[in-house]
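Fold and contact review
As a plain string of letters, each chain reads:
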There are 4 protein chains.
Amino acid sequence: MRVSNHRRAGVDDVFGRLDEIRGDLTALYKDLHAHPELSFQEHRTAAEVARRLGDLGFEVTTGVGGTGVVGVLRNGAGPTVLLRADFDALPVLEQTGLDYASRERATSSDGSDVPVMHACGHDMHVTCLLGALDLLVDARSRWSGTVLAVFQPAEEIGAGAQAMLDDGLLERFPRPDVCLGQHVFPFRSGAVGMMTGPSMSAADGLKITMFGRGGHGSQPQNTVDPVVMASATVLRLQTVVSREVAGDDTAVVTVGSIRAGSKENIIPEQAELLVNVRSFDERVRERVLAAVRRIVRAEAVASGADREPEFEQLTRFPLLLNDPDATARTAGALRAALGEKSVVDLPPAMASEDVGLFGTAAGVPTCYWFFGGTDAVRFQEAVAEDAVAERIPANHSPHFAPEVEPTLTTGVKALTTAALEWLD
Amino acid sequence: MRVSNHRRAGVDDVFGRLDEIRGDLTALYKDLHAHPELSFQEHRTAAEVARRLGDLGFEVTTGVGGTGVVGVLRNGAGPTVLLRADFDALPVLEQTGLDYASRERATSSDGSDVPVMHACGHDMHVTCLLGALDLLVDARSRWSGTVLAVFQPAEEIGAGAQAMLDDGLLERFPRPDVCLGQHVFPFRSGAVGMMTGPSMSAADGLKITMFGRGGHGSQPQNTVDPVVMASATVLRLQTVVSREVAGDDTAVVTVGSIRAGSKENIIPEQAELLVNVRSFDERVRERVLAAVRRIVRAEAVASGADREPEFEQLTRFPLLLNDPDATARTAGALRAALGEKSVVDLPPAMASEDVGLFGTAAGVPTCYWFFGGTDAVRFQEAVAEDAVAERIPANHSPHFAPEVEPTLTTGVKALTTAALEWLD
Amino acid sequence: MRVSNHRRAGVDDVFGRLDEIRGDLTALYKDLHAHPELSFQEHRTAAEVARRLGDLGFEVTTGVGGTGVVGVLRNGAGPTVLLRADFDALPVLEQTGLDYASRERATSSDGSDVPVMHACGHDMHVTCLLGALDLLVDARSRWSGTVLAVFQPAEEIGAGAQAMLDDGLLERFPRPDVCLGQHVFPFRSGAVGMMTGPSMSAADGLKITMFGRGGHGSQPQNTVDPVVMASATVLRLQTVVSREVAGDDTAVVTVGSIRAGSKENIIPEQAELLVNVRSFDERVRERVLAAVRRIVRAEAVASGADREPEFEQLTRFPLLLNDPDATARTAGALRAALGEKSVVDLPPAMASEDVGLFGTAAGVPTCYWFFGGTDAVRFQEAVAEDAVAERIPANHSPHFAPEVEPTLTTGVKALTTAALEWLD
Amino acid sequence: MRVSNHRRAGVDDVFGRLDEIRGDLTALYKDLHAHPELSFQEHRTAAEVARRLGDLGFEVTTGVGGTGVVGVLRNGAGPTVLLRADFDALPVLEQTGLDYASRERATSSDGSDVPVMHACGHDMHVTCLLGALDLLVDARSRWSGTVLAVFQPAEEIGAGAQAMLDDGLLERFPRPDVCLGQHVFPFRSGAVGMMTGPSMSAADGLKITMFGRGGHGSQPQNTVDPVVMASATVLRLQTVVSREVAGDDTAVVTVGSIRAGSKENIIPEQAELLVNVRSFDERVRERVLAAVRRIVRAEAVASGADREPEFEQLTRFPLLLNDPDATARTAGALRAALGEKSVVDLPPAMASEDVGLFGTAAGVPTCYWFFGGTDAVRFQEAVAEDAVAERIPANHSPHFAPEVEPTLTTGVKALTTAALEWLD
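Residues numbered from 1 in each chain as written. Chains lettered and ligands numbered in written order. Predicted model: local features only at pLDDT ≥ 70, side-chain atom pairs only at ≥ 80, totals over all residues. Heavy atoms only, no water.

Regarding the interface of chain D and chain A
With 16 residues of chain D at the contact, the number on the chain A side is 16 residues. Around 1200 Å² of area is buried between chain D and chain A when both sides are counted, 54% of it from carbon and sulfur atoms. The largest share of the area that chain D buries against chain A comes from Gln238(D), Arg243(D) and Gly247(D), three residues that together contribute 37% of it. Joining chain D to chain A, the criterion identifies zero salt bridges. Viewed at the interface, chain A and chain D are joined by eight residue pairs in polar contact (both at pLDDT 80 or more). Within the residue set of the side of chain D that touches chain A, elements represented by two or more residues are helix 6 (226-244) and strand 12 (251-260) of chain D. With six residues, helix 6 of chain D is the largest single contributor of residues to the side of chain D that touches chain A. (Contact = heavy atoms within 4.5 Å. Buried area = accessible area lost by both parts, 1.4 Å probe. Salt bridge = Lys/Arg side-chain N within 4 Å of Asp/Glu carboxyl O. Polar contact = N/O pair within 3.5 Å; in protein donor to acceptor, adjacent residues only side chain to side chain. Helix = DSSP H or I, 4+ residues; strand = E, 2+ residues; numbered from the N terminus.)

Listed below in structure tokens is the structure:
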């Protein structure tokens, strides 16, 4: 085990710098948390990131894919390692009671005024990446290669990674040899969780409009009732998973919203369904999406609709494929740096991310991992009582609030370690 | 046929006065049309009605059942005849293009700002009743008895008649021997339509809230999906009419609105259905309502809901039972006064009214009829092309616009004639 | 009331003959009841009918439309009156306990061995018609014209009337001026019930085969599940009546049978639905049948079926339209002959008959009535306790057993009276 | 790798005997194939097995758990190894066209006459086990311990293993230290497939009877329609998998049969569903079964049924848990004996077996594997064209026909090798 001792010694030296900047990072984290910004509106965040990247000596480019920020640090020959943090927040009304809780509101893309909250921990991602970059700069004599720091907007709507790629990320900046990133989640703080192979589900968000013909509630014979049409569709959509997906394949089809009409005695003109499809296999995904479309269209015909339903793709998250070799290598480095017990294997997560688009576009491996944000004692108690789902606020909850420490320290160390593993 | 000649001569004399006041009534109608008021907000209308009643020599009481107005004219011994006009308007944006079209807006009971329009012709009802009262006053030497003029608020929400009764209508004022009223509708102007027996459907408006348990769209197993629950309920509710109502009974169950959720990847907490039930028989009505409740509750159980669904009665219109004898008598009088061809028999209407509550509460017969508001030529053309539903804007349409004449004249004459028939 | 007295006197004379033949008719009825025959297998019945017609002096033709028998009695100039009795029985296991109960069995059209019972009273129809013909022959000096006695096979499957027409009934025999017939039903014996206008529903029997793709129950993804497909179809078919038929129109859509598969772990290849559609209006009927087909096809598409569903028309009964004038005339004669209290008006029946095809094909009026078969006291008790449906076995019940008297007497008198009314 | 060389050398010596008996085994296999017997009717097969066990020197007990046969061979101190073969056939009409195809028919448990076929390869299982026992007897000097040969009846209905245990298998015979068995399946002949952990699904077969109230198809209001009730239930049951099972858990709920009614115009009294539930986790199984019961009961309530549905457990197969250590050890031995390429790892199979009951009851590990029965070239071609499901007849197909060789040789070798591994 000399190698890992050597490694550990190496990263332990590097980690020394963290004690000097921890206070500043903590303040940064709380400031970001108090000032969340919606997808593609991350102007304040981007400016702060850009300022700090500049201070660290990175070449800084802003406005990449809208509000994205790219920092490049060239440090001699060697591999280029892409380190990614996403930085948008959510239209959630924070209920954490934290003294640095958000009171922000913003105008959402549909024009409505909404509260805003870092309910998915992207503030922690930004803080940890800036911390890791500081450590890497501090330790630049110990490695050679190029660090490509990617601060991505609009992950929550599955649009930011693609926007940065479309804006020339791979052409305008050094091409990466590996893509690394991490996400905070409701697990014991101090630990990281590794997934290999298909790791996070593909997710498609669809808006489906079904058209009936409205009329008076007492005269259904003169109408095509979209309430019945949409309801029959929802029931029929249940058969996609129950009948068209093999028991040992994985897919979820959720109709998150159904809306039609506003009065009891008026049959409305149309109905709207918002549908979310999760899958772990492109073949399954395509079959499921085709089945959804087939069923929606057929149910419109069954109702005698005059007009075809309309489908709008709201979001599209790719399947996250963690490269098995890259993951094994990274996990080895993390085990050496953080200790065996702090690195656990996790099954695939029924959640979605667009981080994988970078590696796919570049044709290089991705390794993306989770790091815990929940007080370890509290987490173990919840596990012991089989009450994690009830007790530990998950991402997107108005109560989501990572413990700042040891979460921040773990996130910085994990990212630094992984980067060094690939830069070495 | 001496009797009807005699009658005709009689009312023809009475009708002479109409020529003197037609201009004023027309102006009144246009003024009311331009200034519609929502249910229980009919303050301006009530004030105008009260003022005119006073001028006609009626004892006037305002504020009966909220904004209702009652006028009493005692004219010697004899029967008391209740003449009813409803006077509220609807939250509809007028699109008639008339020069006296409404531009009014108001705050609805749920706090939202809405347009207001006399889209159901209650302005015509008020005008005709005031006109008829004028004629009756003018002809007071020809009849004896008491006229009880009831200007009712809030018919559109099925609440005004009950509110007036609850406020002592039958105790505070002379008790009627018969209840008469009329409604303008899309039929040839100049004609009246009589219905006998069960004439307008009972209507129940229900708000049903079904409770699931929300969660992430990717984790349905941790939720109770209210979208599926409500959709299954809508489909199952179709069986009430298809399986539990005899083919030769009449009922309609419409789910006018279904609403649950707002994001594709969040399973919401609950779903709301707005349901409208129409029936023509109390036994059928009770069976249908019981079946609706049974199905809603069972579908909640089928979904594994933790909480019972909630039912709120939004509106409740009684079945309108036109007393066959009273209707035959009134129809005879109308035929004599307006001519055989101007009085037609109509089948029961799948529409609802609360006018019947007065007669039911008083234990006396009701006779309620329709009078046409559509240009006769235009109407016949539409009939000839089987296009009435497409061509003639029906009540509640933003295009609903009765021809002022001969509609107004017919309405005044019909009401006057019917009143005289019962006061004679 | 001289006219009806005259009539009564006239038919009373004619009825005298009945006392002489009642014993023979009763024996005939019990013999027919004990020896029921399935549709188009009525050989024994036809032979008995033909023999008796010959004895009465009729020109007899057998084998009309399969097993039908036609008797013609020409008695001078005058109208031709078609008198119709149907004579087939049902595959029902008799449970009446009568000493003349059927013990017959037969081979049904699908090859299976089934019990046979006169569970719809066609034995009574035959007996009454033969009795009436006897009286008419006996009274031939009192009338002139032609009696066309039609003993029809296969009414139960809606095929016999058409078969007789297709076999030249109108061309080979005197063309009728009116078509008369009657049906025994669970009402007080001694009474007849008249319906006017649309009187008995049109009925369409459909066999629908929906094709999936079978496979192992654990591998639904490799199949198209016809159980789900057919079940979704059944639910969707409920919307035909609930949404596509006006509340004041009449239609019933019943799926009387659904059958698919035979093992729990094998997904079958196909499913079969047997559907019955009742209607009272050709326009409604066509809309309903079109909706059934549309829904079935669309649900097959929703399931991803490779093959179109197949539709087979099993039975088709026309709407029975009783001519209002002919019915009023016939009812008048029956009232005169049987007494006012013995003739009641009935609403349309949600049951079906092919008797109307004769009049429709000939372009002449039809009058078809019901006559009661239940002991009057027992019937009134059931009415008083609102338990007719529970207490009085209806047609097609294994317990259906008309009281022989006064049912037989009433049936003979009614038919004789009606015939004389039109022959006079 | 000396160990495996040693092993291989060892088993290769043992395998020599196979050349002497292969002809006899092949004849036995074809004879068994030509004479299949239904579950618990395996009298001829049992007699043949017993005779051969006796010839090999086993202590033989017949009639264990009905028609089961147990053979014991004590060969000094050491572990007891249970080797299991099932020997019942299926009610399938063989369509293989083989010259030794079955022409047998039998009376099934419901009294009907059915064809019988070894459509699941149990004839091969019996042959391989008898061959392996011969080799073990022949090589008895090379091992010590006890061989417990279990020839089990009625695997197809999930009843035989339990019947043998209930009949004292563990008490009357030497208690096993490990349970081994194998199943032929549509994979390349010559290969064996190993599964570890949860390997074959639990399966529950349910018969569900739902009670309505029958009546005439035109009078649904007097009935509780079981066709609608059952159809709604089938659709709702789809939500069990779609909403109540996590995307990454595994369950299948199939309604293999729905049956209600037989005429289009009669609403039947009841409906019958046959349901198959597959699962890989007892917790998931219990949740699914509870959900099925909840939904069925609630849908009966939704229909207004007077009587609770009835549930009958038709079959119950346990989850097959292959002990990971025992599987690893056995797999190692098989790799050594058959070659690395001939032993593949397989994912869990969505199929069911009751073999696991022996090990569970005894509290000892089970290792159960598959061996291929399809010509390797043909199989690879089907794989290459992604057409295995279409081209290669699977178990229970009327075309299921394992290649006799090298299937038989592989099955004998695998069982012998595994037994020796545990007897060593």
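Comments concerning the relation of the copies chain D and chain A
With an RMSD of 0.1 Å, the operation that places chain D on chain A is a rotation of 179° combined with a shift of 0.0 Å along the axis. Here the two chains are linked by the operation of a two-fold rotation axis. Most of the interface of chain D is mirrored in chain A: 100% of its interface residues are interface residues there too. (Least-squares fit on C-alpha atoms with pLDDT ≥ 70 in both.)

Points about the relation of the copies chain A and chain B
Mapping between the two chain copies consists of a rotation about an axis together with a translation along that axis. If you rotate chain A by 179° and push it 0.1 Å along the axis, it lands on chain B with an RMSD of 0.2 Å. An overlap of 100% is found between the interface residues of chain A and their copies at the interface of chain B, pointing to a shared contact surface.

Some words on the UniProt feature "domain: Peptidase M20 dimerisation" (unreviewed entry) in chain A
Within this structure's numbering, the places UniProt gives as "domain: Peptidase M20 dimerisation" (unreviewed entry) are residues 205-301 of chain A. Structurally, residues 205-301 of chain A comprises 40% helix and 32% strand, and the distance from its first C-alpha atom to its last is 23 Å. (UniProt positions renumbered as here; feature names shortened; annotations may be inferred.)

As for the packing of helix 6 (residues 226-244) of chain C against helix 6 of chain D
What describes two packed helices is the angle between their axes and the distance between those same axes. Following both chains from N to C, one finds helix 6 of chain C and helix 6 of chain D inclined at 120°, their axes separated by 8 Å at the closest point. As far as their axial angle goes, helix 6 of chain D and helix 6 of chain C are oblique. Note on packing geometry: the crossing formed by helix 6 of chain C with helix 6 of chain D is left-handed. Residues Val227(C), Val228(C), Ser231(C), Ala232(C), Val234(C), Leu235(C) and Gln238(C) of helix 6 of chain C form the contact with helix 6 of chain D, whose own contacting residues are Val227(D), Val228(D), Ser231(D), Ala232(D), Val234(D), Leu235(D) and Gln238(D). A per-class count over the contact of helix 6 of chain C with helix 6 of chain D returns ten nonpolar, four polar and no charged. (Axes fitted to C-alpha atoms, helices over the stretch in contact; angles between N-to-C directions. Parallel < 35°, antiparallel > 145°, perpendicular 65-115°, else oblique. Left-handed = near helix turned anticlockwise from the far one by under 90°. Nonpolar A, V, L, I, M, F, W, Y, C, P; charged D, E, K, R; others polar.)

Some thoughts on unusual backbone geometry
What is expected of a backbone is that most residues other than glycine have negative phi and most peptide bonds are trans. Cis geometry marks the peptide bond from Glu405(A) to Pro406(A), where omega comes out at 5°. One non-glycine residue with positive phi stands out, namely Phe40(B), at about 65°. Mapped onto the elements of the fold, Phe40(B) is located in the loop between helix 1 (2-34) and helix 2 (43-56). By relative accessible area, Phe40(B) is classed as partly exposed at 30%. If you check the backbone angles, His396(B) has positive phi at about 85° while not being a glycine. Here His396(B) shows up in the loop between helix 11 (388-391) and helix 12 (407-423). (Buried < 20%, exposed > 50% of the residue type's maximum accessible area, 1.4 Å probe, protein only.)

Overview of the pattern of salt bridges
Evaluated as defined, the whole model comprises 132 salt bridges over all chains. Asp225(B) is the salt-bridge partner of Arg243(D), the closest N and O atoms lying 2.8 Å from each other. Taken together, the positions of Arg243(D) in helix 6 and Asp225(B) in the loop between strand 11 (215-216) and helix 6 (226-244) put the pair across two chains. With respect to class, Arg243(D) is no different from Asp225(B); both count as buried. Among the salt bridges present, the one from Glu353(C) reaches Arg84(C), with a minimum N-O distance of 2.9 Å. Taken together, the residues Glu353(C) in the loop between strand 17 (343-345) and helix 9 (356-362) and Arg84(C) in strand 3 (residues 80-86) connect sequence positions 269 residues apart. Look at the salt bridges and you will find they share partners, linking Asp24(A), Glu48(A), Arg51(A), Arg52(A) and Asp55(A) into a network.

Section: the side chain of Glu353(A)
Residues and elements named next belong to chain A. Overall, Glu353 belongs to the buried group, its relative accessible area being 1%. Within the structure, the side chain of Glu353 is placed 2.9 Å from the side chain of Arg84, a separation counted as a polar contact. Setting aside residues up to four positions removed in sequence, Glu353 forms contacts with Arg84, Asp86, Glu155, His183, Met200, Phe317, Pro318 and Tyr368.

Section: the sheet that holds strand 7 (residues 178-188) of chain D
All names here are of chain D. Here we have eight strands laid out as an open sheet, ordered 1-2-6-3-7-18-8-17, and mixed in their pairing. The open sheet terminates on both sides in strands that have one partner only, identified here as strand 1 (59-64) and strand 17 (343-345). Across the sheet, the axes of successive neighbouring strands diverge by a mean angle of 25°, strand direction being ignored. Across the sheet, helix 2 (residues 43-56) touches strand 1, strand 2 (68-75) and strand 6 (145-152), and the angle it forms with strand 2 is around 10°. In this fold helix 10 (residues 376-384) packs onto strand 7 and strand 18 (366-374), with an angle of close to 70° to the strand it touches most, strand 7. (Pairing = 2+ DSSP bridges.)

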